[in-house]
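Residue-level listing of the chains:
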Amino acid sequence: EAGVTQSPTHLIKTRGQQVTLRCSPISGHTSVYWYQQALGLGLQFLLWYDEGEERNRGNFPPRFSGRQFPNYSSELNVNALELEDSALYLCASSRDRGYDQPQHFGDGTRLSIL
Amino acid sequence: QKEVEQDPGPLSVPEGAIVSLNCTYSNSAFQYFMWYRQYSRKGPELLMYTYSSGNKEDGRFTAQVDKSSKYISLFIRDSQPSDSATYLCAMTSLRGSARQLTFGSGTQLTVLP
């Protein structure tokens, strides 16, 4: 069974630019979660999508947004990039939105802002 | 105060040692508890997942949950150099639309051959 796949693996951008990160969940999984892992801040929840709808978002500004497609893949968009957006962006998926469904992570996209 | 506190480490042990990794939490709504292992430049890998208070064993790994004390632990028996990684505790609640995981800050473990 293929795991969660993310692309690209690395990105370098400059302040003010926009970026799109992509995630394919494990086959059969309908829920996708996005997390940010920044140095010194740990893993922080960004967004949760299930069945094409945004279900919850973390404490991040509106320039962080995303969507989920009918095939359950997802993309994360970040506008007006700032230096502190440099981080590893992790996508996770779970079988459905049940409380008891564990989340499985991809290897992330490492975003560097110059 | 953070909702989840994790012993920061780093922790260095000889091969074959028993390792104990610990987290405490303050939010009584947390009901599901997980341990993830993260190798350098990789995503977190789910090791253990439990709901009930008590012990859950899987091979060399034992997860322990004490909901009354708001304390969880991961024990690694017969530790191996391949266990060298950062270990993250994570938990989630049963309330409303919350499905996101709240993570501890991670404990970096090195097992010396």
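Remember, predicted model here, so these are calculated numbers, not experimental data. (Residues numbered from 1 in each chain as written. Chains lettered and ligands numbered in written order. Predicted model: local features only at pLDDT ≥ 70, side-chain atom pairs only at ≥ 80, totals over all residues. Heavy atoms only, no water.)

Asks: Whenever I open this one, the sheet that holds strand β1 (residues 5–7) of chain A confuses me. Can you help?
Replies: Strands pair in a sheet through their backbones, by hydrogen bonds, and they do so in one of two ways: parallel or antiparallel. Residues and elements named next belong to chain A. Read across the sheet, four strands follow the order β1-β3-β8-β7 without closing on themselves; strand pairing throughout is antiparallel. Edge positions in the sheet fall to β1 and β7 (64–68), since each of these pairs with one other strand and no more. Strand-to-strand twist across the sheet, computed as the mean angle between neighbouring axes with direction ignored, equals 20 degrees. Where β7 meets strand β8 (residues 74–78), five bridges bridge the pair, whose relative direction is antiparallel. The residue of β8 that forms the bridge with Ser65 is Asn77. (Pairing = 2+ DSSP bridges. Helix = DSSP H or I, 4+ residues; strand = E, 2+ residues; numbered from the N terminus. Axes fitted to C-alpha atoms, helices over the stretch in contact; angles between N-to-C directions.)

Asks: Teacher, can you tell me more about the state of the cysteines here?
Replies: Any covalent bond linking the sulfur atoms of two cysteines counts as a disulfide. Residue and element names in this part refer to chain A. Within this structure, the stated rule accounts for two disulfides over all chains. Here Cys23 engages in a disulfide with Cys91; their sulfurs sit 1.8 Å apart. Across the disulfide from Cys23 to Cys91, rotation about the S-S bond amounts to roughly -65 degrees, and the bridge is consequently left-handed. With Cys23 in strand β3 (residues 19–24) and Cys91 in strand β9 (residues 87–94), the pair connects residues that are 68 residues apart, well separated along the chain. For the pair Cys23 and Cys91, a shared accessibility class is recorded, and that class is buried. (Disulfide = S-S within 2.5 Å. Buried < 20%, exposed > 50% of the residue type's maximum accessible area, 1.4 Å probe, protein only.)

Asks: What is the right way to read the pairing of β3(A) from this model?
Replies: Regular strands place side chains that alternate from one sheet face to the opposite one. All names here are of chain A. Here β1 pairs with β3 via three bridges, running antiparallel. Within the sheet, the bridge partner assigned to Ser7 lies in β3 and is Arg22. Alignment of β3 against β8, held across five bridges, turns out to be antiparallel. Looking across to β8, one finds that Leu21 is bridged to Leu76.

Asks: Can you help me understand the sheet that holds strand β8 (residues 71–76) of chain B in this one?
Replies: All names here are of chain B. Strand order across the open sheet formed by five strands is β1-β3-β8-β7-β6, with antiparallel pairing between neighbours. At either end of the open sheet lies a strand with only one pairing partner, and these are β1 (4–6) and β6 (54–58). When strand polarity is set aside, the average angle formed by the axes of neighbouring strands in this sheet is 15 degrees. Across five bridges, the pairing between β6 and strand β7 (residues 61–66) is antiparallel. Bridge assignment links Gly54 to a residue of β7, and that residue is Val65.

Purely spatial values, then, with no claim about function.
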